[in-house]
There are 2 protein chains.
Amino acid sequence: DESTQNVVLINTFTVPARKLDEAIAMWDAAREFLHTQPGYISTKLHQSLSGDAQYQLINVAQWETPEAYQAATALMRETANLPRIEGVVPGPALYNVIRD
Amino acid sequence: DESTQNVVLINTFTVPARKLDEAIAMWDAAREFLHTQPGYISTKLHQSLSGDAQYQLINVAQWETPEAYQAATALMRETANLPRIEGVVPGPALYNVIRD
């Protein structure tokens, strides 16, 4: 049933072409922090095949609960002070799988 | 190496709240067609936990090659004549996994 189901974090990143490497390096740094946090399960970072896709990077990650994800990202913002990259706009939201 | 790697179709759907059930039913019909096509591997349809997320539905599907995906969707458009649903805007793009 839904209560025991993991949640899926899907984060669509708008990334200017010249900032792609920087954005991936920032994502790596964030993952280094997040994967140590309680409730983290797994993640996959996707890069668009075409340069003109709306989202050059999309992260799809599994978390045990919404609370675990929110606590981990709040802690990251407070402590890991990852740099903002000009023009890189994340768009995170939590999902349940309803068909597979 | 990348050449043998499957491609990932990520399709972000803008869906007006009142059209959600219709959009899911249309997605089911499309999947009925697509999963019979060569190169189809698997799919997961995600529904947002919150009603005000930009994308209420996001599909993440595995295909063997970009060509297989493009051929299957072209054939679907020609033959399955799935109805357009007012206000439902798909946003498909193909990706490779670069981190997991």
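Shown above is the structure to which this text applies.
Residues numbered from 1 in each chain as written. Chains lettered and ligands numbered in written order. Predicted model: local features only at pLDDT ≥ 70, side-chain atom pairs only at ≥ 80, totals over all residues. Heavy atoms only, no water.

Undergrad: When you look at the environment of Ala72 of chain B in this model, what are you seeing that I'm missing?
TA: All names here are of chain B. You can see Ala72 is positioned in helix α2 (residues 66–79). A relative accessible area of 1% means that Ala72 is categorised as buried. Contact partners of Ala72, with chain neighbours within four places excluded, come to Phe33, Leu34, Gln37 and Trp63. (Helix = DSSP H or I, 4+ residues; strand = E, 2+ residues; numbered from the N terminus. Buried < 20%, exposed > 50% of the residue type's maximum accessible area, 1.4 Å probe, protein only. Contact = heavy atoms within 4.5 Å.)

Undergrad: Is there a simple way to think about the pattern of salt bridges in this case?
TA: Any two side chains of opposite charge can pair, so long as their charged atoms come close to each other. Applying the stated rule across the entire model yields 6 salt bridges over all chains. The closest approach of N and O atoms between Arg99 of chain A and Asp28 of chain B, which form a salt bridge, is 2.8 Å. Of this pair, Arg99 of chain A sits in strand β4 (residues 89–99) while Asp28 of chain B sits in helix α1 (residues 20–34), on two different chains. On the basis of relative accessible area, Asp28 of chain B is assigned to the partly exposed category, the value being 21%. (Salt bridge = Lys/Arg side-chain N within 4 Å of Asp/Glu carboxyl O.)

Undergrad: Any chance you could explain the packing of aromatic side chains here in plain terms?
TA: Within a pair of aromatic rings, the relevant descriptors are the distance that separates the centres and the angle that separates the planes. Residues and elements named next belong to chain A. A complete count under the given rule lists 5 aromatic pairs over all chains for this structure. Ring centres 5.5 Å apart and planes at 90° place the aromatic pair Tyr40 and Trp63 in the edge-to-face group. Residue Tyr40 is found in strand β2 (residues 40–48), and its partner Trp63 is found in strand β3 (residues 57–63); the two are separated by 23 residues along the sequence. Between Trp63 and Tyr69 the ring centres are 5.7 Å apart and the planes differ by 70°, which places this aromatic pair in the edge-to-face class. (Phe/Tyr/Trp six-rings, centres within 6.5 Å; stacked < 30°, edge-to-face > 60°.)

Undergrad: Any chance you could explain the packing of helix α1 (residues 20–34) of chain A against helix α2 (residues 66–79) of chain A here in plain terms?
TA: Residue and element names in this part refer to chain A. Contact geometry of α1 with α2 gives a least axis separation of 10 Å together with a crossing angle of 115°. The handedness of the crossing between α1 and α2 is right-handed. Contact residues: α1 offers Ala30, Phe33 and Leu34, while α2 offers Ala72, Thr73, Leu75, Met76 and Thr79. Among the residues making up the contact of α1 with α2, the classes are represented as 6 nonpolar, 2 polar and no charged. (Axes fitted to C-alpha atoms, helices over the stretch in contact; angles between N-to-C directions. Left-handed = near helix turned anticlockwise from the far one by under 90°. Nonpolar A, V, L, I, M, F, W, Y, C, P; charged D, E, K, R; others polar.)

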